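# Fold and geometry: a report
Residues per chain, in single letters:
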Amino acid sequence: AMDPQKFSRKLWSARKQLILMLAPLLLLPLLFVVPPKEGKCLYVVLLMAVYWCTEALPLAVTAMLPVCLFPTMGILPSKKVCPQYFLETNFLFLSGLVMASAIEEWGLHRRIALKVLKIVGVKPAWLILGMMITSSFLSMWLSNTATTAMMLPIANAILESLFGNLETLKENCKDKSDPEGGWGEVHVSELLRDSIPLFRKEAEYQMKVWKGFLISIPYAASIGGTATLTGTAPNLILVGQLKSYFPECDLINFGSWFVFAFPLMLLFLILGWIWIAFLYGGLNTRLCISKHDEREAAEAKAKAVIDEDYKKLGPIKFAEGSITFFFIMFAILLFTRDPKFVTGWSVFFTKGYVSDAVTGVIIISILFFFPSQCPSLRWWFDSRASNTPYVPLLSWRKAQECVPWNIILLLGGGFAMAKGCEESGLAVWIGNHLQPLAQVPPAVAVILITAFIACFTEFASNTATIIIFLPVIAELAIRVNVNPLYFMIPATTGCSYAFMLPVSTPPNSIAFASGHLMVKDMVKTGFVMNILGILCVSLAMNTWGLHMFSLHTYPDWARPLNASSATVATHAMATMNMTG
């Protein structure tokens, strides 16, 4: 017989196959308990939720399940499901990704990062702030993962020049006075005995600063992604699902989202910085006076490393300048199209024709033909000039390699799922079951929703989390008679606040993979970060968010869709009450 331990190991190694086969069987009872059409849709939604949370199938493959299951189970015809996979929201996302690949191609992100670090200086607390500002700014435009992957090597180079080699540092942290430490029985002279604890304290302090650095980068990248619509996928899912559920609602676009989310990001970033700098010894600068001169020497060395790296980049090339120009154009055009508080440039076109997607695609199309070398007139008249091939700022091959197509499918899967929930009546059915929550005051509900989503997203991908919960949250808001945005916006920002586990987001995994962080470091830092994030979101929603999206009134765009279904529901409830 096999011993239990070996058997459990076997189970663990085959867990994905087991989940793939067992999940559909275990969910079967739903089809008989829940009303037929809603039940079928709930079955698919929960099956996708299980596959997404366990990653039994690759995320993008799970996202394609609606194409297989909605038509075959009679939930939605395939001609309604398939178009959901490339809505205009996906085009906006694609243009953001292509822009990012052009920035990465010409190394502009490195220049920005080093420039910021040159400005903030090399005192640990300020360096951490510099790292966080840079990471958050870059991840507004690049993907969070790319930002983290680029910032970590820079951070490591600076840290090595500040504190020397990491391995020696780890050695120095170990207690040298106990027998295991290696000093053993040797009678250390009095003088030495005093300096060892000092030496060790310094090493421990340096080790802490190192950890603070590494942990601040993925956190800042996750926070920064929330500030722009294209910064992270969940923001786009919010826009896409709003279009699907409330076609009349046009409150959220690139400009209006930025005005709301950017101040929120800044607030959270500063609070997060204070917490990380406090936890990892950046803020108390009066450590070991005797080491003062050495520390100054180390800081000078770190400054030299940053300057040296910046010098290596050389003067700004024509291509970098061009990308900078288009990047600024991209941001300004998206921002001023229809920013809600002033008239945007979209008034020059037929109303409702030009969207954010149009703007994005116009700019990125230019990147594929704009030259990367400065064009000169002389070349045409100079017979001896070499006929160098013409290189545009971005080649299609490069864009194809850099764009994470799986995320685009994932967005599509989310929109398809939302469509299914809406058409099958599942959203309304869930809403009816959320009736007890109507007693909770809306302001408290915001905190609870954000907290719940922030906890859930620690274990599942944030895109999958928001896809699963947004329809439910929208339906809840309608039931409670609250502006749907009042619940949907906090949920969307909350799902980017995955700070506690290495598996929560790819940036966390990258930082953790460097091998210097422990899970307990992340949990300890991340727990407080989550609380700070939840508080910041509820503050934003109840102050400037309230005025911007007029959240204190129940809007007209949320009415017509549910007029019919709500009356049906109340009618059904009445009949049930009479028969009951």
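Preceding block: the structure.
Described below are features of the structure shown in this document. Fair warning: this is a prediction, and the values are worked out from it, not measured in the lab.

Our next topic: the overall build of the protein. Along the protein, the regular secondary structure elements total 29 helices and zero strands. On C-alpha atoms alone, the protein measures out to a radius of gyration of 27 Å, which is about the 25 Å that the 2.2 N^0.38 rule sets for 580 residues. Expressed along its principal axes, the backbone C-alpha trace of the protein runs to roughly 90 × 85 × 55 Å. Residues classed as buried in the protein amount to 51% of the 580 residues present. In the protein, 79% of the contacts between residues at least 6 apart in sequence involve partners at least 24 apart. Carbon and sulfur atoms provide 68% of the accessible area of the protein, an area that totals close to 27400 Å².

All right, on to the packing of aromatic side chains then. Under the defined criterion, the tally for this structure stands at 24 aromatic pairs. On the numbers, 5.9 Å between centres and 70° between planes, the contact of Phe-268 with Phe-499 is edge-to-face. One end of the pair, Phe-268, is in helix H15 (residues 254–279); the other, Phe-499, is in the loop between helix H25 (484–494) and helix H26 (506–513), and 231 residues separate them in sequence. With a centroid separation of 5.9 Å and 20° between ring planes, the pair formed by Tyr-497 and Phe-499 is classed as stacked. A single burial state applies to Tyr-497 and to Phe-499, both of which are buried. Clustering of aromatic rings is evident, with ring pairs tying together Tyr-219, Phe-268, Tyr-497 and Phe-499.

All right, on to a nonpolar patch on the surface then. A grouping of Met-2, Phe-7, Leu-11, Leu-18, Leu-22, Leu-25, Leu-26 and Leu-28 is seen on the molecular surface, where their side chains present a nonpolar patch of about 750 Å² in accessible area. Here the element with the most residues in the nonpolar patch is helix H2 (residues 15–26); it accounts for four residues. Take Leu-26: it is sitting in helix H2.

So, about the packing of helix H10 (residues 124–139) against H15. Between H10 and H15, the shortest axis-to-axis distance is 10 Å and the interhelical angle comes to 145°. For the pair H10 and H15, the sense of crossing is right-handed. On the side of H10, the interface is formed by Ala-125, Trp-126, Ile-128, Leu-129, Met-132, Ile-133 and Ser-136, while H15 contributes Met-265, Leu-269, Gly-272, Trp-273, Ile-276 and Ala-277. Its residues assigned to classes, the contact of H10 with H15 shows 11 nonpolar, two polar and no charged.

The full count for this structure, using the stated rule, is one cavity of 30 Å³ or more. Lining the largest cavity, in full, are Gly-96, Met-99, Ala-100, Ile-103, Trp-141, Thr-230, Phe-327 and Phe-330. Put simply, the parts of the chain that give the lining of the largest cavity at least two residues each are helix H8 (88–105) and helix H17 (318–336). Ranked by residue count, the leading element in the lining of the largest cavity is H8, at four residues. Taken together, the residues of the lining of the largest cavity break down into six nonpolar, two polar and no charged.

We now examine unusual backbone geometry. Although it is not a glycine, Asn-481 sits at a positive phi angle of roughly 65°. Relative to the helices and strands, Asn-481 is located in the loop between helix H24 (462–480) and H25. With relative accessibility at 55%, the residue Asn-481 sits in the exposed group. We note that Ser-550 has phi near 35°; this positive angle belongs to a residue other than glycine. For Ser-550, the location among the structural elements is in the loop between helix H28 (544–548) and helix H29 (560–579). With a relative accessible area of 34%, Ser-550 lands in the partly exposed category.

This part takes up H24. Taking 1.5 Å per residue, 19 residues should reach 27 Å; H24 reaches 26 Å between its end C-alpha atoms and fits that length. If you look at H24, its biggest bend is around 35°, right at Phe-469, and the proline Pro-471 turns up within four residues after that. Of all 19 residues that make up H24, 18 are buried, and the element is covered over most of its length. Count one or two residues on from H24 and you reach Asn-481, which has phi positive near 65°.

It is worth spelling out the packing of H8 against helix H14 (residues 233–245) at this point. Direction vectors running N to C along H8 and H14 enclose 160°, while the axes themselves pass 9 Å from each other. By the angle between their directions, the pair H8 and H14 is classed as roughly antiparallel. When you trace H8 past H14, the crossing you get is right-handed. Residues Glu-88, Thr-89, Leu-92 and Phe-93 of H8 touch H14, and the partners they reach there are Ala-233, Leu-236, Gly-240 and Lys-243. Residues of the contact of H8 with H14, tallied by class, amount to four nonpolar, two polar and two charged.

It is worth spelling out the side chain of Thr-492 at this point. Position of Thr-492 relative to the elements: it lies in helix H25. At 2.7 Å, the side chain of Thr-492 and the backbone oxygen of Met-488 are in polar contact. Contacts of Thr-492, omitting those with residues within four sequence positions, involve Pro-234, Asn-235, Leu-238, Trp-257, Ile-466 and Leu-470.

Time to look at H15. Between its first and last C-alpha atoms H15 spans 35 Å; for 26 residues at 1.5 Å apiece the expected length is 38 Å, and the two agree. Taken as a whole, H15 carries its principal kink of about 30° at Ala-261; the proline Pro-263 stands between one and four residues after it. For H15, the N-terminal capping position is held by Asn-253, with its side-chain oxygen 2.9 Å away from the main-chain nitrogen of Gly-255. Phi turns positive, to about 70°, at Gly-281, one or two residues after H15.

Calculation rules
- Residues numbered from 1 in each chain as written.
- Predicted model: local features only at pLDDT ≥ 70, side-chain atom pairs only at ≥ 80, totals over all residues.
- Heavy atoms only, no water.
- Helix = DSSP H or I, 4+ residues; strand = E, 2+ residues; numbered from the N terminus.
- Rg over C-alpha atoms; globule rule 2.2 N^0.38 Å.
- Buried < 20%, exposed > 50% of the residue type's maximum accessible area, 1.4 Å probe, protein only.
- Contact = heavy atoms within 4.5 Å.
- Areas by Shrake-Rupley, 256 points an atom, 1.4 Å probe, with all protein chains shown as cover.
- Phe/Tyr/Trp six-rings, centres within 6.5 Å; stacked < 30°, edge-to-face > 60°.
- Patch = residues over 30% accessible without salt bridge, like charges linked within 9 Å, V, L, I, M, F, W, Y side chains within 5 Å.
- Salt bridge = Lys/Arg side-chain N within 4 Å of Asp/Glu carboxyl O.
- Axes fitted to C-alpha atoms, helices over the stretch in contact; angles between N-to-C directions.
- Left-handed = near helix turned anticlockwise from the far one by under 90°.
- Nonpolar A, V, L, I, M, F, W, Y, C, P; charged D, E, K, R; others polar.
- 1 Å grid on protein atoms, 1.4 Å probe; cavity = no way out; pocket = protein on both sides within 12 Å on 5 of 7 lines; lining within 4 Å.
- Points joined across faces, edges and corners; volume = space filled by probe spheres on them.
- Expected span 1.5 Å × (residues − 1).
- Bend = angle between axes of the 7 residues up to and from the residue.
- Parallel < 35°, antiparallel > 145°, perpendicular 65-115°, else oblique.
- Polar contact = N/O pair within 3.5 Å; in protein donor to acceptor, adjacent residues only side chain to side chain.

Read these as spatial facts, not as claims about activity.
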